[in-house]
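Here is how the chains run, residue by residue.
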Amino acid sequence: MNQFKAFRIHNDAQGYHSGVETLQTEQLMAGEVLLECRFSSVNYKDALAGTGQGKVVRHFPITGGIDAAGDVVESSDPRFQPGDPVLATGYGLGVSHDGGYGRYLRLPADWLVPLPPGLGPFMAMALGTAGFTAGLALQRMEQNGQTPEMGPVLVTGASGGVGSIAIALLARNGYEVVAVSGKEDQRQRLMEMGASQVIDRNQLPLSQRPLDKACWGGLIDSLGGDILAGLLPQIQPWGTVASIGMAAGMGLSSSVMPFILRGIGLLGIDSVECPMALRQHVWQRLSEQLDRPLLEQLVTRVIPLEDLPGAFEELLAGQARGRILVETS
Ligand SMILES: NC(=O)c1ccc[n+]([C@@H]2O[C@H](COP(=O)([O-])OP(=O)(O)OC[C@H]3O[C@@H](n4cnc5c(N)ncnc54)[C@H](OP(=O)(O)O)[C@@H]3O)[C@@H](O)[C@H]2O)c1
């Protein structure tokens, strides 16, 4: 019997509440693999889950955390042996199945990705869902024909987790990257990540017309709403837009002109249910391409489980700067 701490989320007679509790490994949900989680991270979705905003949690009580990285302790699945370093992101983690905000968790073997060589649990979680999503976006944009020759790629929500890693990855692959951020104090950091230019989000020209001067080769968008709609008319013919998030709005009001007169592709990026073969390929690519010192620089702090509520508030207020890691023990 192992006793450990976990950040639990409840929705019961006392309402929606969350906090650090003591659990026994016997209380863990079912799964073929018992994992000792070394690190997790804080994503926007974790903030929604931990605070009850957005109604993303589908099972109560639950251990939060959509990301986990650590070592296999025991496994009834022949693909995994005790001591194997693994990571898991998405699927039901932290929303319908216990997630990474606890030292131990049991997971279905089908959800586990062996850690690529050279990527320890700390670096894996410096990337986490945010990094994986950025990698998936670029992978799918390139499958759709995106190349550096098509012109600069715009990245919105640039100071956040997805945005920051998207900048680094695009730059590493030879793209000119223009970052859009609401934070003046992040300009220098975004340039160091690989942006050639940073545009103030409040000064970003948004088109009202169906088609406008095409100035961007492509777009990785974490914001949605009017910002995404106002940028579609500015994408070069045959460029691709990766729609990732909705930090600025869920709606999308656009004409079909950019699609039918310029052949623009609007790709939805779903990190949660991404098929395993593509998932492993993207993790391998991230491991090979991302510069370790740059990633370390991206981690603003490593927090204990007790500090999660403060981190959630920060993300929900749009104040995220890079990545926050969670040490689970
Ligand atoms: N599709 C998927 O599978 C998937 C996976 C991961 C994340 N997401 C979504 O992608 C988005 C970004 O995730 P993340 O983890 O990078 O979040 P994050 O670290 O909190 O970053 C979001 C960034 O968006 C900007 N922002 C926040 N609130 C805003 C607002 N009200 N209006 C305009 N800009 C705002 C801020 O950047 P600036 O100040 O620099 O502009 C902020 O740092 C979230 O909506 C998240 O749910 C989706």
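Everything here concerns the structure above.
Notes on the structure follow.

What counts, and where the lines are drawn
- Residues numbered from 1 in each chain as written.
- Predicted model: local features only at pLDDT ≥ 70, side-chain atom pairs only at ≥ 80, totals over all residues.
- Heavy atoms only, no water.
- Phe/Tyr/Trp six-rings, centres within 6.5 Å; stacked < 30°, edge-to-face > 60°.
- Helix = DSSP H or I, 4+ residues; strand = E, 2+ residues; numbered from the N terminus.
- Buried < 20%, exposed > 50% of the residue type's maximum accessible area, 1.4 Å probe, protein only.
- Axes fitted to C-alpha atoms, helices over the stretch in contact; angles between N-to-C directions.
- Parallel < 35°, antiparallel > 145°, perpendicular 65-115°, else oblique.
- Left-handed = near helix turned anticlockwise from the far one by under 90°.
- Contact = heavy atoms within 4.5 Å.
- Pairing = 2+ DSSP bridges.
- Right-handed = clockwise from strand over helix to strand, strands pointing away.
- Near = heavy atom within 4 Å.
- Polar contact = N/O pair within 3.5 Å; in protein donor to acceptor, adjacent residues only side chain to side chain.
- Areas by Shrake-Rupley, 256 points an atom, 1.4 Å probe, with all protein chains shown as cover.
- Nonpolar A, V, L, I, M, F, W, Y, C, P; charged D, E, K, R; others polar.
- Domains from an automatic or database assignment.
- 1 Å grid on protein atoms, 1.4 Å probe; cavity = no way out; pocket = protein on both sides within 12 Å on 5 of 7 lines; lining within 4 Å.
- Points joined across faces, edges and corners; volume = space filled by probe spheres on them.

**A word on the packing of aromatic side chains**
For step 1, the next point in the chain: Under the counting rule described, the total for this entry stands at 8 aromatic pairs.
For step 2, the next point in the chain: Judged by centre distance (5.3 Å) and plane angle (90°), the ring pair of Phe39 and Phe122 falls under edge-to-face. With Phe39 in strand β3 (residues 33-42) and Phe122 in helix α2 (residues 121-143), the pair connects residues that are 83 residues apart, well separated along the chain.
For step 3, the next point in the chain: Accessibility expressed as a relative area gives 14% for Phe39, which makes it buried.
For step 4, the next point in the chain: Ring geometry for Tyr91 against Trp111: centres 5.4 Å apart, planes inclined by 5°, an arrangement best described as stacked.

**Some remarks on the packing of α2 against helix α3 (residues 161-172)**
For step 1, the next point in the chain: Interaxial distance between α2 and α3 falls to 8 Å at its minimum, and their mutual angle equals 55°. When the axis of α2 is compared with that of α3, the two are oblique. The handedness of the crossing between α2 and α3 comes out as right-handed. Along the contact surface, α2 presents Ala126, Leu127, Ala130, Gly131, Thr133, Ala134, Gly135 and Leu138, while α3 presents Gly161, Val162, Ile165, Ala166, Leu169 and Leu170.

**A word on the pairing of strand β11 (residues 197-200)**
Along any regular strand, the residues point their side chains to alternate faces of the sheet.
For step 1, the next point in the chain: Where strand β10 (residues 177-181) and β11 come together, 4 bridges link them in parallel fashion. By the bridge assignment for β11, Ser181 is matched with Asp200.
For step 2, the next point in the chain: With helix α4 (residues 187-193) bridging β10 and the parallel β11, this β-α-β connection has right-handed handedness.

**Focus: the side chain of Ser287**
For step 1, the next point in the chain: Summarising the element assignment, Ser287 is placed in helix α7 (residues 276-289).
For step 2, the next point in the chain: Apart from residues lying up to four places away in sequence, Ser287 is in contact with Pro116, Pro117, Leu119 and Arg292.

**A closer look at the site of the ligand**
For step 1, the next point in the chain: In the region of the ligand, 27 residues are neighbours, and Ser159, Ser181, Lys183, Ile269 and Ser271 sit closest.
For step 2, the next point in the chain: In the environment of the ligand, an oxygen atom lies 2.7 Å from a nitrogen or oxygen atom belonging to the side chain of Ser181.
For step 3, the next point in the chain: In the complex, 87% of the free accessible area of the ligand, which totals 920 Å², lies under the protein chains.
For step 4, the next point in the chain: When residues of the shell around the ligand are traced back to their parent elements, those giving at least two are α2, α3 and β10.
For step 5, the next point in the chain: When grouped by side-chain class, the residues that make up the shell around the ligand number 12 nonpolar, 12 polar and 3 charged.
For step 6, the next point in the chain: Taken domain by domain, the makeup of the shell around the ligand includes at least three residues from each of domain 1 (3-115 + 292-327) and domain 2 (129-268).

**With respect to the environment of Asp77**
For step 1, the next point in the chain: When you line up the elements, Asp77 lands in the loop between β5 (67-75) and β6 (85-89).
For step 2, the next point in the chain: Counting along the chain gives 59 residues from Asp77 to Ser18, while the straight-line C-alpha distance between them is 32 Å.
For step 3, the next point in the chain: With residues near it in sequence (within four places) discarded, Asp77 still touches Glu32 and Ala109.
For step 4, the next point in the chain: Polar side-chain contacts of Asp77 include one of 2.8 Å to the backbone nitrogen of Arg79.

**Some words on empty space enclosed by the protein**
For step 1, the next point in the chain: One pass over the structure, following the stated rule, counts 2 cavities of 30 Å³ or more.
For step 2, the next point in the chain: There is about 40 Å³ of room inside the largest cavity.
For step 3, the next point in the chain: Secondary structure elements with two or more residues in the lining of the largest cavity: α3 and α8 (292-298).
For step 4, the next point in the chain: Top element by residues in the lining of the largest cavity is α8. It accounts for 3 residues.
For step 5, the next point in the chain: Its residues placed into classes, the lining of the largest cavity shows 7 nonpolar, no polar and 1 charged.
For step 6, the next point in the chain: There are two domains that each give the lining of the largest cavity at least three residues, and those are domain 1 (3-115 + 292-327) and domain 2 (129-268).
For step 7, the next point in the chain: When its volume is computed, the second largest cavity comes out at roughly 30 Å³.

None of this, on its own, says anything about what the molecule does.
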